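As a plain string of letters, each chain reads:
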Amino acid sequence: MGYVKVAYKKIFRILDDSPYPPKGWNNFVKKQEINHNLIIKSRKNKCFCTNCHHQFISAKKINEEIKCPNCHNKYLIKRSNLKSYEFKDYLSILDIVDDTFVIRYFELKTIIDNLHEHHSSVVEFAREIINKSYYREIFVNDRVSRCQCYNYIHHSYYFDPTKWRKYIRNYSLIDYSIVFSNNLKSILKNTEYKYSCIWNLAKHSTYIDLSSLLEHKYDIHKVELLTKMKLYNLALSANRFYDNGSFQESFGVSKDFYPFMRRNNITYRQLKILRLLKEKNIQKIRYLEKFIHYGDNIDDLEEISNYISLNRFIKYSKMHRGKIRTYIYKDYLRFAKLLGFDLKNNRYAFPKKLEEEHDKLKQLYKIQNEKAIQKAIIKRSKKLLINKYQNDKFIIFPAKSLKELKNESIQQNNCVQTYAEKYASGICDIYLMRDIKNQNKSLVTVEVKNSKVVQSRIKNNDAPNEKQLQFLYKWEQNVLKGAA
Ligand SMILES: [Zn+2]
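The rules behind these values
Numbers given to residues run from 1 along each chain, matching the order in which its sequence is written. Since the coordinates come from a predicted model, pLDDT governs what is reported: local features require at least 70, and pairs of side-chain atoms require 80 or more to be given and counted, while whole-chain, interface and lining totals use all residues. Only DSSP runs of H or I reaching four residues or more are called helices, and only runs of E reaching two or more are called strands; each is numbered from the N terminus. Partly exposed residues are those whose C-beta has more than 12 but fewer than 20 other C-beta atoms within 10 Å; with 20 or more the residue is buried, with 12 or fewer it is exposed, and the C-beta atoms are placed from the backbone. It is the C-beta atoms, placed from the backbone, that decide contacts: two residues are in contact if theirs lie within 7 Å. Throughout, an axis means a line fitted to C-alpha atoms (over the contacting stretch in the case of helices), and angles, computed between N-to-C directions, take values from 0 to 180 degrees. Each angle receives one of four descriptions, namely roughly parallel if under 35 degrees, roughly antiparallel if over 145, roughly perpendicular if within 65 to 115, and oblique otherwise. By definition, any crossing whose near helix is turned counterclockwise from its far helix by less than a right angle is left-handed, and any crossing with a clockwise turn is right-handed. Residues were grouped as follows: Ala, Val, Leu, Ile, Met, Phe, Trp, Tyr, Cys and Pro as nonpolar; Asp, Glu, Lys and Arg as charged; and all remaining residues, including Gly, as polar. By definition, a nonpolar core groups buried Ala, Val, Leu, Ile, Met, Phe, Trp, Tyr and Cys residues that are joined through C-beta atoms within 7 Å. Domain segmentation is taken from an automatic or database assignment of domains. A pair of strands is considered paired only if DSSP assigns at least 2 bridges between the two. Here, expected helix span is obtained from the residue count minus one, scaled by 1.5 Å. Relevant arc is that of directions from the helix axis to the C-beta atoms, nothing else.

J.: In this structure, what is going on with the overall build of the protein? I would like to understand it.
T.: Tallying secondary structure elements over the protein gives 19 helices and 19 strands in all. If you line up the protein on its principal axes, its C-alpha atoms span 95 × 60 × 50 Å. Here the protein holds 484 residues, and the buried ones make up 27% of them. Sequence separation of at least 24 residues holds for 53% of the intrachain contacts in the protein that already meet a minimum separation of 6.

And the structure:
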C-alpha cells in the first residue's frame, strides 16, 4: 500500500469536487465506443452490424475484418453463436491544479452479449502527477485490484472512486492512452508547452504516451515542429531526431519523400525502412515491417540490404510465403559473400532450404577460414624462427600452428586463440616462452608488435615474475631490436 502525500491529496480532492465531465468528453467517449462493435455472421453468409444494425451478405470469413456497407466502419467478423465479446480502451484527460499537471486515466469497456447487444461503461481508475523526477507517480483508486499478475478494473458502483493510493508495483500500469484533445490547448496555454501543438498531435493520433511527452520537455520544440509538418507519428518519436540540419540530415531521406511521408503519416519504424528501401511504396514498407520483431530495431534488414536489395529480399520472402527468419538469412548471406558466391545470381541469393544451406555454408566457412589461417601461421612462424632465443633456463619461439595456439590457450586459460586471425594476417606476432627443461608445458605467452613486447602473460592472465621478465627484456634488446 502506498500513501498519498498531503499536497497530492488536496489536488485529488479539488479534482473530485470540480465539475465533471468536461465539455465534449461524452462525444469523445461515444466516438471511441463506435469502434467497439462486431459483424455477426450467421448461416448463408448473413451478416449483421452491431453498430447500425444493418444486415447484408458477405462471403468474408470469421475473424477477418470487413467494412459495413451502411455505416462504413471496419469491424471484425464473429460467429452468431458467440457468447460474449469484450473491448477495452484507455482514455485520458489532462488537468492542471495549482500548476501541477495531472493525467486522469479511464477505462472504456464494452461487452457484446449473446443477444449481440452492447453495453459500454467508462470509469476513472488512475491519476498521474507529472513531476520532474525519473520515477513516475501513479495513483489508483478502489476500482483497481490485482488478479493473478494483472490489474483488473471494476466497473460496478460498489467501488469508491475517490479513495486513492499510490501504485507501487514495478511494472507499468498504463503508458499509452487515447487523449481527450478538446481542453489541451487551454490547459497548456500559460505553461512552457504553449507552443507544443500537443493538441493537434492528440487529435490525429490514436494511442499516445502523454506522460512521456510532457516529461521530455527538452524535445517539445521537436514535437511542435513535426506536428506542424503533419508528421504526427514521427512527432510521437520526436526524441529520436536531432535538432537542426537539412531535411536530409534530419530524416535520412531527401525532401522529395516529404509528401509521401505526410500522406501515410509514417512511423519512426517505417521511416527507418524507407531509408533503406528509398522507394515511395507504403505496401512494401508495411510488408518489411513484418520482419521487425521488437521496437524499431531493423538491424537484420539493414544487414541484408548490404548484400542484396530489399526488393529482392521481398521477392525471396514471397517465394516462401513470408516465412523467412531474417537472423538466419543475414548470416547465410554473410557466409555466401565471404566464400565468394555471386549473390547477384538468385541461385545463391535465394536458397531453397535456408536453414540447411545456412548450416552448410557455416561449416564450409569455418573449414576454409581455419585452413587459410593455419596456412598463414605456418608461413609466418617459419619467417619468425630467426627470433628463436634461449639461455640455460628459458627458451622462446614463435607459435608454429593453429593447433599450438589453441593448446596454449587451453593450458594458460587465456584468449590467445582469438589472436590467431591477427597473427595469421601479420598484425601481431605470438611467441611461446617455455622452461628449457620442460618445453611442452606453457609458461609465458608473448605478443609482439613492431619488434616490441606488448603483452606477456602467464597462466590466468597474470604477469610473469622478475626472472622471466628479465629474460624477455634481454631477448627484446638483443634479438628483436637487433633484427629490426
Ligand atoms: Zn454498420
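J.: Quick question: what am I supposed to make of the environment of Ile-34 here?
T.: With respect to the helices and strands, Ile-34 occurs in the loop between α2 (25–33) and β1 (38–42). For Ile-34, a count of 12 C-beta atoms within 10 Å puts it in the exposed group. Taking C-alpha positions, Ile-34 is 67 Å from Asn-413, a pair spaced 379 residues apart along the chain. Every residue in contact with Ile-34, bar those within four places of it in the chain, is listed here: Asn-51 and Asn-73.

J.: How do you make sense of unusual backbone geometry when you look at a structure like this?
T.: In terms of backbone geometry, most residues other than glycine have negative phi values and most peptide bonds are trans. For Lys-44, which is not glycine, the phi dihedral falls at a positive 55 degrees. Relative to the elements of secondary structure, Lys-44 occurs in the loop between β1 and β2 (46–49). Given 6 C-beta atoms within a 10 Å radius, Lys-44 is considered exposed. Residues other than glycine seldom take positive phi values, yet Asn-45 does so here, at roughly 60 degrees. Within the fold, Asn-45 resides in the loop between β1 and β2.

J.: I keep staring at the packing of helix α10 (residues 268–277) against helix α11 (residues 282–289) and nothing clicks. Help me out?
T.: For any two helices packed against each other, one specifies the inter-axial angle together with the distance between the axes. Look at α10 against α11: their axes get within 10 Å of each other, and the N-to-C directions meet at 110 degrees. As summarised for this structure, α10 and α11 are arranged roughly perpendicular, according to the angle between their axes. Where α10 crosses over α11, the handedness of that crossing is right-handed. Contact residues: Arg-269, Gln-270, Ile-273, Leu-274 and Leu-277 in α10; Lys-284, Ile-285, Leu-288 and Glu-289 in α11. Tallied by class, residues from the contact of α10 with α11 come to five nonpolar, one polar and three charged.

J.: Is there a simple way to think about the nonpolar core in this case?
T.: Looking at soluble globular proteins, one finds that nonpolar side chains tend to be buried together. Ile-198, Leu-201, Val-223 and Ala-235 are the most contacted members of the largest nonpolar core, which totals 68 residues. Broken down by element, this core gets its largest block of residues, six residues, from strand β7 (residues 100–112). Both domains that meet at this core, namely domain 1 (6–179) and domain 2 (185–337), each give it at least three residues. Residues in contact with Val-223, not counting those within four places in the same chain, are Ser-196, Cys-197, Ile-198, Leu-201, Leu-213, Ala-235 and Ala-238.

J.: Got a minute to help me understand the domain arrangement of the protein in this structure?
T.: With domains assigned, the protein is organised as domain 1 (6–179), domain 2 (185–337) and domain 3 (377–483). On a C-alpha basis, the centres of domain 1 and domain 3 stand 70 Å from each other.

J.: Help me understand the sheet that holds strand β5 (residues 74–79) in this model?
T.: Strand pairing in a sheet is mediated by backbone hydrogen bonds. Such pairs are either parallel or antiparallel. Across the sheet, which stays open at both edges, the five strands sit in the order β3-β2-β1-β5-β4 with mixed pairing between neighbours. Two strands in the sheet have a free side with no partner beyond their single neighbour: β3 (55–57) and β4 (65–67). Neighbouring strand axes in the sheet, compared pairwise and without regard to direction, differ in orientation by 40 degrees on average. Sheet topology note: the β1/β2 ladder contains four bridges and is antiparallel.

J.: Help me understand helix α14 (residues 326–338), please; the structure alone is not making it clear to me.
T.: It helps to recall that an α-helix has 3.6 residues per turn; residues three or four apart then point in one direction. Given a rise of 1.5 Å per residue, 13 residues ought to cover 18 Å, and the 18 Å separating the end C-alpha atoms of α14 matches this to within 8%. Within α14, burial applies to Tyr-329, Lys-330, Tyr-332, Leu-333, Phe-335 and Ala-336. As for α14, its buried residues are in contact with α12 (299–307), α15 (346–349) and α16 (354–384). Phi turns positive one or two residues past the end of α14, at Gly-340, with a value near 85 degrees.

J.: What is the right way to read the pairing of β1 from this model?
T.: Remember that side chains alternate between the two faces of the sheet whenever the strand is regular. Alignment of β1 against β5, held across four bridges, turns out to be parallel. Across the sheet, the residue bridging to Ile-40 is Lys-78, located in β5. Two successive antiparallel strands, β1 and β2, enclose a turn made up of three residues, where Lys-44 displays a positive phi of approximately 55 degrees.

J.: Please explain the sheet that holds strand β14 (residues 207–208) as it appears in this structure.
T.: Spatial ordering of the open sheet is given by β12-β9-β8-β7-β6-β13-β14, a layout of seven strands whose pairing is mixed. Both outer strands of the open sheet, β12 (164–166) and β14, are each paired with one neighbouring strand and no more. Across the sheet, helix α1 (residues 6–17) is in contact with β6 (85–97), β7, β8 (118–129) and β12; its angle to β6 comes to roughly 110 degrees. Sheet contacts for α2: β6, β7, β8 and β13 (177–179); angle to β7, the most-contacted strand, approximately 45 degrees.

J.: I tried to follow α12 on my own but got confused; where do I start?
T.: Taken residue by residue, α12 has Leu-301, Ile-304 and Ser-305 as its buried positions. Looking straight down α12, one finds that the buried residues subtend no more than 100 degrees of arc, so they occupy a single side. Opposite its buried face, α12 presents the exposed residues Asp-299 and Asn-306, each directed more than 90 degrees away.

J.: Sorry if this is basic, but what is going on with the packing of α12 against α14 here?
T.: Packing of α12 against α14 leaves a shortest axis separation of 9 Å and a crossing angle of 30 degrees. One element, α12, and the other, α14, form an angle in the roughly parallel class. Relative to α14, the crossing made by α12 is left-handed. For the pair α12 and α14, the contacting residues are Asp-300, Leu-301, Glu-303, Ile-304 and Tyr-307 in the first and Thr-326, Tyr-327, Tyr-329, Lys-330, Leu-333 and Lys-337 in the second. Residue classes in the contact of α12 with α14 are distributed as six nonpolar, one polar and four charged.

J.: Could you clarify how one ought to interpret the environment of Lys-78 in this entry?
T.: Looking at the element boundaries, Lys-78 is found in strand β5. Separated by 17 residues in sequence, Lys-78 and Lys-61 have C-alpha atoms that sit 8.7 Å apart.

J.: What should I look at first to understand the environment of Lys-330 in this one?
T.: By the secondary structure assignment, Lys-330 is in helix α14. Taking the C-alpha atoms as reference, Lys-330 lies 54 Å from Pro-21; in sequence the two are 309 residues apart. Setting aside chain neighbours within four positions, we find Lys-330 in contact with Asp-300, Glu-303 and Ile-304.

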